[in-house]
Amino acid sequence: GVQTCALPILPYIATLRDVVIETRLGAIFDEKTQKIYIRETSDQNFSKHPYVCAAPSADGRFFPVFLPPSSALNEEPFIFLGVDGTNYCHWITRNLLKLYLLEDKNISKSVPILINQDLCNYQTEYLNLLGIPHERLLLPPKYSTLRCSTVLVPTTFRGHPRSEEHTSELQSRETISY
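Description of the packing of helix α1 (residues 88-96) against helix α3 (residues 121-129)
Then comes step 1: In contact at an axis separation of 11 Å, α1 and α3 are set at 35° when each is read in the N-to-C sense. In the crossing of α1 with α3, the sense of the turn from one axis to the other is right-handed. Counted together, Tyr88, Trp91, Ile92 and Leu96 of α1 and Tyr122, Gln123, Tyr126 and Leu127 of α3 form the full contact between these two elements.
Then comes step 2: Partitioning the contact of α1 with α3 into residue classes produces 7 nonpolar, 1 polar and no charged.

This is the structure:
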């Protein structure tokens, strides 16, 4: 089975290579290291993930998974922003706050951003407000499995001491330089 990762609490941007992303819950599978990144991307409970095919190990750290066939994503490297669906609070706290990391780390504004194609109107409006053109977005269907060679993954701010401060600032800003 594969192991879920417990990474540092401080927000950071991970560069992952040769991984598989599923776009339903946003889990990233690294077959080489046998690790799964999900808390960093969407903070979901992995035990209920549809790719888990049996009970986890006794300590809850290892899960047997079945990865369906995946298609290659040719736009690389790209930023994996998240796939949190229609929940407004999750969109702000799990996805948009990641833009602060990108801005802070001076990641190029031309790097494509992967997010599901089923965006709500308010999500599209936020991206436009923040100066992210639709042409920059990679929009796979929600139930895709993608094989990727290089992915930049800004971690979620959920539970971070400054998440409330960043959320308030984001909601009050007209633009973000990213």
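Once the structure has been displayed, the description carries forward.
A word on the environment of Arg17
Then comes step 1: As for its placement among the helices and strands, Arg17 is situated in strand β2 (residues 13-22).
Then comes step 2: Not counting the four nearest positions on each side in its chain, Arg17 is found in contact with Asp30, Cys148, Ser149 and Thr150.
Then comes step 3: A polar contact of 3.3 Å, which involves the side chain of Arg17, links it to the side chain of Thr150.

Describing α1
Then comes step 1: Residues of α1 that are buried include every one of Trp91, Ile92, Arg94, Asn95 and Leu96, and no others.
Then comes step 2: Of the residues that open α1, the one with a side-chain oxygen 3.0 Å from the backbone nitrogen of Cys89 is Asn87.

With respect to the pattern of salt bridges
Then comes step 1: In this structure the tally under the stated criterion is 1 salt bridge.
Then comes step 2: One salt bridge in this structure joins Arg147 and Glu31, with 3.0 Å as the shortest N-O distance. Of the two residues, Arg147 is situated in strand β10 (residues 145-154) and Glu31 in the loop between β3 (28-30) and β4 (35-37); the sequence distance between them amounts to 116 residues.
Then comes step 3: Judged by its relative accessible area of 38%, Arg147 is partly exposed.

What about the nonpolar core?
Then comes step 1: One finds Ile79, Trp91, Leu96, Leu99 and Ile107 to be the most contacted residues of the largest nonpolar core, which totals 19 residues.
Then comes step 2: Of all the secondary-structure elements, those providing two or more residues to this core are β7 (78-82), α1, α2 (98-104), β8 (113-115) and α3.
Then comes step 3: Grouped together as the second largest cluster of nonpolar side chains are 16 residues, Ala14, Tyr37, Phe78 and Leu114 included.

Brief notes about the packing of aromatic side chains
Then comes step 1: Taken as a whole and assessed by the stated rule, the structure comprises 3 aromatic pairs.
Then comes step 2: For the pair Tyr88 and Tyr126, a centre-to-centre distance of 6.3 Å together with 45° between the ring planes defines the contact as tilted. One end of the pair, Tyr88, is in helix α1; the other, Tyr126, is in helix α3, and 38 residues separate them in sequence.
Then comes step 3: With relative accessibility at 38%, the residue Tyr88 sits in the partly exposed group.
Then comes step 4: Residue class for Tyr126 comes out buried when judged on its relative accessible area of 12%.
Then comes step 5: These aromatic residues form a ring-pair network of at least three members: Tyr88, Tyr122 and Tyr126.

Some details on the side chain of Glu22
Then comes step 1: Tracing the backbone shows Glu22 in strand β2.
Then comes step 2: At 6.3 Å, Arg24 is the nearest oppositely charged side chain to Glu22, a buried residue that forms no salt bridge.
Then comes step 3: At 3.0 Å, the side chain of Glu22 forms a polar contact with the backbone nitrogen of Leu25.
Then comes step 4: There is a polar contact of 3.0 Å between the side chain of Glu22 and the backbone nitrogen of Ala27.
Then comes step 5: Ignoring anything within four residues of it in the chain, the contact list for Glu22 reads Ala27, Phe29, His49, Tyr51, Ser144 and Thr145.

What counts and how
- Residues numbered from 1 in each chain as written.
- Predicted model: local features only at pLDDT ≥ 70, side-chain atom pairs only at ≥ 80, totals over all residues.
- Heavy atoms only, no water.
- Axes fitted to C-alpha atoms, helices over the stretch in contact; angles between N-to-C directions.
- Helix = DSSP H or I, 4+ residues; strand = E, 2+ residues; numbered from the N terminus.
- Left-handed = near helix turned anticlockwise from the far one by under 90°.
- Contact = heavy atoms within 4.5 Å.
- Nonpolar A, V, L, I, M, F, W, Y, C, P; charged D, E, K, R; others polar.
- Polar contact = N/O pair within 3.5 Å; in protein donor to acceptor, adjacent residues only side chain to side chain.
- Buried < 20%, exposed > 50% of the residue type's maximum accessible area, 1.4 Å probe, protein only.
- Salt bridge = Lys/Arg side-chain N within 4 Å of Asp/Glu carboxyl O.
- Core = buried A, V, L, I, M, F, W, Y, C linked by side-chain atoms within 4.5 Å.
- Phe/Tyr/Trp six-rings, centres within 6.5 Å; stacked < 30°, edge-to-face > 60°.
- Lys, Arg positive; Asp, Glu negative; His and termini not counted.

Any functional reading would require information beyond the geometric quantities listed.
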